[in-house]
Amino acid sequence: MLRFAPSPTGDMHIGNLRAALLNFIVAKQLQRPLMVRIEDTDTARNIPHKDQEILELLSTMGISWDQLVYQSANVATHIEYAQKLLDQGLAFYCHCTLEFLEEQKQRALQEKRPFRYHDAWAFLQQQSNPHPVVRLRGSTQALDFTDQIKGVIHFEPHELDSFVILRADKTPTYNFACACDDFTYKISYIIRGEDHVSNTPKQILIQKALAQVLGVAYHQITYAHLPLILNHETGKKMSKRDAASSVSWLLQQGFLPQSVANYLISLGYSPPKDVFDLEESCAWFNLAKLSGANARFDLAYLRHLNHKHLSKLTLEELQTLLKLDHPSKAKLAQLFLEDSSTLQELQGKLKAMFSPKDIRQDYEGENFYDHCYHLYRALQTLNLGQLEDFTHFKQAAMQASQLKGKDFFKPLRILFTGQAHGLELSLLYPFVRAFASEILVLKDVHGS
Ligand code: GLU
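Quick look at the structure, then. Just so it is clear, the structure is predicted and the values come from calculations on it, not from any experiment.

**Notes on unusual backbone geometry**
Inference 1: For K112, which is not a glycine, the phi torsion comes out positive at approximately 55 degrees.
Inference 2: Relative to the elements of secondary structure, K112 occurs in the loop between α4 (98-110) and β5 (133-136).
Inference 3: Judged by relative accessible area, which is 76%, K112 ranks as exposed.
Inference 4: The backbone of Q402 sits at a positive phi, close to 60 degrees, despite the residue not being glycine.
Inference 5: Mapped onto the fold, Q402 is located in the loop between α15 (390-401) and α16 (406-417).

Have a look at this one:
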């Protein structure tokens, strides 16, 4: 079984979504089930309803799962396992105070050596600290594992010192809860972010110890740690401060789920085609071919992909996504696609066109307002129903307004679209004619 294990402690990050997508693809390819495990044991950092938001986002992205587990439901098992490890001497109580450990850290810093925990410290403060933590006994042997992306990763014994598995309040630490659950659910393959590489040896040690105390064979999990996604400009890890790192933000900006999936699957990969959907990628994606180098987040490429995916939508799909009350408006949206790349941009153009026009907002010269208003009044006298094509309309409108050239076309564009630049007016005319009562309307002409 594979698992995606999000923490409900913040907005879903694109790095998490990438892990979810690749877990989904690999689970499909290996025909193994996929579990979603909400890692909600850090109660202080949990945000209410984030779990639901995460599950909804996964569904929106087309990711389905076979089993859903809340880690908090397993805490009794974590504590039970910790007790077994204590009973068999693979774990021990440690009474060190935070102050003592801080002192040791400072000393290590001064002596320019890495801080390591020594098992001999465990009982030094037994008198002053009656609330011990539980530590798993570290390893005296080196440990390595083969990462599917990074190759062999090696840890020396001095890097594998004893570490905390139960806090003083008897709550499990992240590494312990995670490794216990991976053990319980027989997780065979873990795909997650590179930031977890340093947790992996701890989790392997926990799993080995659990196999020993529970008397079962230990099976090494296959690991793949995904490289970081960096901010395009700064080259630093995309953090919460980068708006584009939030999946919800990208969707709100009008990127389609299939474009975001296409983009994240393409990161650090050479796909056989540029534009594809999640389902298709299951046929050819090969995790072993993913680049081990960090990838830069390229919004321009995501926009390009989104434009391609938007162009593939049917009129019905566009109408639904843009919540349009008429199929013809979806046709218009298709036209606007010529110079738009997101749903939000399309919505902006449609809204500008179907809202009363604020002719005082445009500052194209002194007479602009007068020309607009004059043209508007002239258009009121025309019967658009009889002016079938743009050429006829244009002639009639010029005649009625006595305006020509720039003085005619610039105001006309504003009256048609609410914007100073855009598509050819002849392309837009059929829509203006069909929806004249919605489009040829001025905003607050009184009081001018
Ligand atoms: N809850 C951890 C996270 O969101 C899970 C890491 C893992 O996949 O093991 O980063």
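Now that the structure is up, let's keep going.
**What to know about the pairing of strand β3 (residues 67-70)**
Inference 1: With four bridges joining them, strand β2 (residues 34-38) and β3 adopt parallel strand pairing. Along β3, the bridge assignment pairs R37 with V69.

**Considerations on the site of the ligand**
Inference 1: Around the ligand, a shell composed of R3, A5, S7, E39, Y174, C178, R192 and H196 is seen.
Inference 2: Note that a nitrogen atom of the ligand is positioned 2.6 Å from one of the side-chain N or O atoms of E39.
Inference 3: Residue Y174 places a side-chain N or O atom 3.0 Å away from an oxygen atom belonging to the ligand.
Inference 4: Isolated, the ligand exposes 300 Å² of accessible area, and the fraction of that covered by the protein chains is 85%.
Inference 5: When each cavity is represented as a set of grid points, the ligand is found to reside in the largest pocket.
Inference 6: Its residues assigned to classes, the shell around the ligand shows three nonpolar, two polar and three charged.

**Side note on the packing of helix α14 (residues 368-380) against α15**
Inference 1: In contact at an axis separation of 9 Å, α14 and α15 are set at 115 degrees when each is read in the N-to-C sense. Once α14 is placed against α15, the crossing between them reads as right-handed. Contacts from H374, L375, A378 and L379 in α14 reach F393, A397, A400 and S401 in α15.

**Focus on the pattern of salt bridges**
Inference 1: Using the criterion set out here, one finds 16 salt bridges in the structure.
Inference 2: One salt bridge connects R45 with D42, and the closest N-O pair in it is separated by 3.5 Å.
Inference 3: A salt bridge links K349 to D339; its shortest N-O distance comes to 3.2 Å. Taken together, the residues span a long stretch of sequence, with K349 in helix α13 (residues 343-353) and D339 in the loop between α12 (327-336) and α13 at a distance of 10 residues.
Inference 4: Connected via shared salt-bridge partners are R3, R37, E39, D181 and D182.

**Quick notes on the pairing of β2**
Inference 1: Counting buried positions along β2 yields five of five residues, so the element is predominantly enclosed.
Inference 2: Burial along β2 is two-sided: L34, V36 and I38 facing one way and M35 and R37 facing the other are all buried.
Inference 3: Once the chain exits strand β1 (residues 2-4) it traverses helix α1 (residues 14-30) before rejoining the sheet at β2, and the crossover so formed is right-handed.
Inference 4: Each parallel crossover has a hand, and the one from β2 via helix α2 (residues 50-60) to β3 is right-handed.

**With respect to the layout of surface pockets**
Inference 1: Taken as a whole, the largest pocket encloses approximately 1100 Å³ of empty space.
Inference 2: Lining the largest pocket we find 42 residues, and of these S7, T9, N16, D195 and H196 sit closest to its centre.
Inference 3: The element contributing the most residues to the lining of the largest pocket is α1, with five residues.
Inference 4: Among the residues making up the lining of the largest pocket, the classes are represented as 15 nonpolar, 14 polar and 13 charged.

Rules used throughout
- Residues numbered from 1 in each chain as written.
- Predicted model: local features only at pLDDT ≥ 70, side-chain atom pairs only at ≥ 80, totals over all residues.
- Heavy atoms only, no water.
- Helix = DSSP H or I, 4+ residues; strand = E, 2+ residues; numbered from the N terminus.
- Buried < 20%, exposed > 50% of the residue type's maximum accessible area, 1.4 Å probe, protein only.
- Pairing = 2+ DSSP bridges.
- Near = heavy atom within 4 Å.
- Polar contact = N/O pair within 3.5 Å; in protein donor to acceptor, adjacent residues only side chain to side chain.
- Areas by Shrake-Rupley, 256 points an atom, 1.4 Å probe, with all protein chains shown as cover.
- 1 Å grid on protein atoms, 1.4 Å probe; cavity = no way out; pocket = protein on both sides within 12 Å on 5 of 7 lines; lining within 4 Å.
- Sits in = over half its atoms within 2 Å of the grid points.
- Nonpolar A, V, L, I, M, F, W, Y, C, P; charged D, E, K, R; others polar.
- Axes fitted to C-alpha atoms, helices over the stretch in contact; angles between N-to-C directions.
- Left-handed = near helix turned anticlockwise from the far one by under 90°.
- Contact = heavy atoms within 4.5 Å.
- Salt bridge = Lys/Arg side-chain N within 4 Å of Asp/Glu carboxyl O.
- Right-handed = clockwise from strand over helix to strand, strands pointing away.
- Points joined across faces, edges and corners; volume = space filled by probe spheres on them.

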